[in-house]
Amino acid sequence: MRFPEMYSCPHCHQLMPFRKFNSPTGRAECSKCQESLVPSRFVIACTHGHLEDFPYWKWVHRGNRTVSGSCGGQLSFQADGSTASLRAVLISCTCGVEKVSMEGSFRRQALRDLGIRCSGRRPWLKDAPAESCHEQPRTLQRGSSSAWFPVMHSALSIPPYSQGIARIVAPFYDGLKAEDPASIKTFVRVMKLLLHHPKYTADDVMAEVDRRRSAEIAAGKPVDDTEAAKRVGDYRRKLYEGEYRSLSTPHPEEAEEEQEFVCEPPTAPIDNVRSSHGLTQVMLVKRLREVRALQSFRRVEEPSPADSPLRHAAISATQPSWLPAFEVSGEGVFLRLAPERLRAWEEHPEQVSRATRIRDNHERLLSARAGESDNPIPPSPATPRFLLLHALAHILINEWSLDGGYPAASLRERLYSDEDMAGVLIYTATSDSAGSLGGVIAQGEPDRLAGTLQAALRRASWCSNDPLCMESETSGADSLNIAACHACLLLPETSCENNNILLDRAALVGTPDGRAPGFFTL
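Calculation notes
- Residues numbered from 1 in each chain as written.
- Predicted model: local features only at pLDDT ≥ 70, side-chain atom pairs only at ≥ 80, totals over all residues.
- Heavy atoms only, no water.
- Pairing = 2+ DSSP bridges.
- Helix = DSSP H or I, 4+ residues; strand = E, 2+ residues; numbered from the N terminus.
- Buried < 20%, exposed > 50% of the residue type's maximum accessible area, 1.4 Å probe, protein only.
- Contact = heavy atoms within 4.5 Å.
- Core = buried A, V, L, I, M, F, W, Y, C linked by side-chain atoms within 4.5 Å.
- Axes fitted to C-alpha atoms, helices over the stretch in contact; angles between N-to-C directions.
- Parallel < 35°, antiparallel > 145°, perpendicular 65-115°, else oblique.
- Left-handed = near helix turned anticlockwise from the far one by under 90°.
- Nonpolar A, V, L, I, M, F, W, Y, C, P; charged D, E, K, R; others polar.
- Phe/Tyr/Trp six-rings, centres within 6.5 Å; stacked < 30°, edge-to-face > 60°.
- Lys NZ or Arg CZ within 6 Å of the ring centre and 35° of its normal.
- Salt bridge = Lys/Arg side-chain N within 4 Å of Asp/Glu carboxyl O.

### So, the sheet that holds strand β8 (residues 100-101)
If you trace the three strands from one edge of the open sheet to the other, you get β6-β7-β8, paired in antiparallel fashion. Since the sheet does not close on itself, it has two edges, and those belong to β6 (75-79) and β8, each with one partner. Summarising the sheet, strand β7 (residues 89-93) and β8 pair through two bridges and their orientation is antiparallel. Within the sheet, the bridge partner assigned to I91 lies in β8 and is V100.

Pasting the structure below:
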């Protein structure tokens, strides 16, 4: 389906639905001027994901008593280019009403004042009927990031699921899951599935098929929204716990195995970074595979764990049996903090107070996002430990982008923060082999890592927006940061798994008055 429906001609400035331009088949041009048509720059959307064209006719005729569409005039769209502001975008009608600009159309109450309500349209879904919706729509730029917030989920391929019999069976599982044991044994024999894997038998193949079947059945049981939300939270926690264990355990490269996950400690001792920076473990992840899947998307407001199910804009008109996903490969460095030093630091009253300030703001936001939903509101992860790990990941990504030659947008973080976890994985992953050239793991060698940490902490100790940045009570979107701004901690959106919230630079280096000690200044 063509969207938006409203187009304008840059020569004659007519503004009307595309079908009225009578364009030649397969082309988008004005039949009078033979100029290429320009799709509407403005759309309206609501927080439940509905989307439609901006109501230009009502906007230009506001304050007039004319019934919608009955003036008989022709709308025109002009942008004189004199300024980049909305004041330079003018809408007019040949019926004689006064020409108006688009200034003010982005106000939260602008459409409400015109009596415009959400029509519940979902033009991205073919033949999908309009839904009943009571949300107030907002004006957006068609190409704005607020028009599309993807909800992605990702997982690392870790042992034992990424190697051995699990890796052998994976490509054939869809064809085997409905077969009986005899048919599976026949398939293994005829296809010579284990020819190059003599240590496995057909019984191992059947056991792996049964394991996958059981997992699918458990995941496919119908549940209500409350149980689904709980299941997602439990699954994410178990997923991260499994990754944390694998990252903390050496998995050396084996010549006879085609591995997706190789994780080894550096050859040199890490005594330097252990004593001076409180790291208890450094692991070089020389090979990793990540799968990222698109579940749904949001509009107007960025996704939140507490979002009502009504905010989940579907990517399919029917319940899909699969999700669009892609896999990327790369490398990274995993750092784990010393638990004794961490425990002593995170119990300091001032650091607890700073984290509580962020957590209270975050939980208020989560409650507001949940609205009247019966789903349990997830707790905020804002603890001193989480703020520390998050800030550490950000300063290392910024430093490695300067020192290692990688743009910051190509590096990503993965935080492992819980009572039993205190680690951070910084990695790069791409759809080709460029993510495995060794540039990131080289940053994890102890001597270089010690220098990088020292330089990153020195850079974090002073921000060009200080003293305002460090002295702020709260900062950032919805007051979910404290000492964090674009000059010191914030990263490109592709790098941060938390949308640049829950950050505090004081967790690293402390406050200038010494009341809140930093982990690295103890």
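Read on, since the account is not over.
### Thoughts on the environment of P159
Mapping P159 onto the fold places it in the loop between β10 (149-156) and α3 (165-169). For P159, a relative accessible area of 12% translates into the label buried. Considering only alpha carbons, one finds P159 and R41, 118 residues apart in sequence, at a separation of 48 Å. Residues in contact with P159, not counting those within four places in the same chain, are S246, H251 and F261.

### A word on the sheet that holds strand β2 (residues 15-17)
If you trace the three strands from one edge of the open sheet to the other, you get β2-β1-β3, paired in antiparallel fashion. The sheet is open, and its two borders are formed by β2 and β3 (38-39), each paired with just one other strand. In this structure, strand β1 (residues 6-8) lies alongside β2, joined through three bridges in antiparallel fashion. Its bridge partner being in β2, M6 is matched across the sheet by P17.

### Quick word on the nonpolar core
Ranked by internal contacts, the top residues of the largest apolar core, which has 61 residues, are L388, L392 and L508. If one sorts the elements of this core by residue count, helix α11 (residues 384-403) sits on top with eleven residues.

### Section: the packing of α11 against helix α12 (residues 446-460)
Two numbers describe how α11 lies on α12: the axes approach to 9 Å, and their chain directions differ by 110°. If you check the angle between α11 and α12, you find them roughly perpendicular. Our pair here, α11 against α12, has a crossing hand that is right-handed. Across from L392, I395, L396, E399, W400, L402 and D403 in α11, the residues of α12 making contact are R448, L449, T452, L453, A455, A456, L457, R459 and A460. Of the residues belonging to the contact of α11 with α12, the class tally is eleven nonpolar, one polar and four charged.

### Observations regarding the packing of aromatic side chains
All chains considered together, the criterion is met by 14 aromatic pairs. Measuring from ring centre to ring centre gives 6.2 Å for F334 and Y416, while their planes differ by 75°; the resulting arrangement is edge-to-face. With F334 in strand β13 (residues 325-337) and Y416 in strand β14 (residues 411-418), this residue pair connects regions lying 82 residues apart in the sequence. Residue classification places Y416 among the buried positions, given a relative accessible area of 0%. Note on F519 and F520: the rings are 5.0 Å apart at their centroids and 85° apart in plane angle, and the pair reads as edge-to-face. Lying over the aromatic face of W59, R62 brings its terminal NZ or CZ to 4.0 Å of the ring centre.

### Quick word on the pattern of salt bridges
Side chains bearing opposite charge may pair, as long as their charged atoms lie close to each other. For the structure on display, the rule yields 27 salt bridges. Between R298 and D307 there is a salt bridge, with the nearest N and O atoms lying 2.9 Å from each other. D307 matches R298 in its accessibility class, with the two residues each being buried. Connected through shared salt-bridge partners, R298, E301, D307, R311 and R369 make up one network.

Scope: geometric values only; no functional claims are made or implied.
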